[in-house]
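Remarks on the overall topology
Each chain is listed here by its residues.
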Amino acid sequence: MREVFVHQDHTRVALYKTLLDEVGIPSFMRNEYSNNGVTEMPSPIFFPALCVVNDEDYERARRVLFETPRSQSPDWRCPKCNEQVPGTFDSCWNCAVLRPDGSIEGSA
């Protein structure tokens, strides 16, 4: 077992676990259900952590998570509500309007 990624945002760690699952790398989340709000100062020792089961998968997991481009599409601006939307989204996260064809960042 070897730790690959730690972050206080549970959803980000869960997303990275999904990416490893998709390529067949066995992994698990440590501190998945920890309550980091116990003290006023958040402590990284309680943050959710993604670990690979097999040490020999560590380097491959790092490549999958940090060297593979996530999106070939640039972020775009929603023509209806003007929100900035990640390039991986096909619809606006705020108002659900579909991405216009050929949309590029900054266009409205």
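Right, let's walk through the structure included here. (Residues numbered from 1 in each chain as written. Predicted model: local features only at pLDDT ≥ 70, side-chain atom pairs only at ≥ 80, totals over all residues. Heavy atoms only, no water.)

**Some details on the packing of aromatic side chains**
- Summed over all chains, the structure comprises three aromatic pairs.
- With 4.5 Å between their ring centres and 45 degrees between their planes, Phe5 and Tyr16 make a pair best called tilted. Within this pair, whereas Phe5 is found in strand β1 (residues 2-6), its partner Tyr16 is found in helix α1 (residues 10-22), the two being separated by eleven residues in sequence.
- Note on Phe5 and Phe66: the rings are 5.9 Å apart at their centroids and 45 degrees apart in plane angle, and the pair reads as tilted. Of this pair, Phe5 sits in strand β1 while Phe66 sits in helix α2 (residues 58-66), and the two are 61 residues apart along the sequence.
- Members of the aromatic cluster, each reached through a chain of ring pairs, are Phe5, Tyr16 and Phe66. (Phe/Tyr/Trp six-rings, centres within 6.5 Å; stacked < 30°, edge-to-face > 60°. Helix = DSSP H or I, 4+ residues; strand = E, 2+ residues; numbered from the N terminus.)

**With respect to the side chain of Ser27**
- By secondary structure assignment, the location of Ser27 is in strand β2 (residues 27-30).
- When near neighbours in sequence (up to four residues on either side) are disregarded, Ser27 contacts Lys17, Leu20, Asp21, Leu50, Cys51, Val52 and Val53. (Contact = heavy atoms within 4.5 Å.)

**Let's talk about the sheet that holds β1**
- Overall, antiparallel pairing links the three strands, which are arranged β1-β3-β2 in an open sheet. In the strand order of this sheet, the two ends are held by β1 and β2, each with one partner. Sheet twist, expressed as the mean angle between neighbouring strand axes with direction ignored, is 30 degrees.
- With four bridges joining them, β2 and strand β3 (residues 49-52) adopt antiparallel strand pairing. Bridge pairing in β3 places Ser27 opposite Val52.
- α1 rests against β1, β2 and β3 of the sheet, and its axis sits at about 170 degrees to β2.
- The strands touched by α2 are β1 and β3; relative to β1, the strand with the most contacts, the crossing angle is about 15 degrees. (Pairing = 2+ DSSP bridges. Axes fitted to C-alpha atoms, helices over the stretch in contact; angles between N-to-C directions.)

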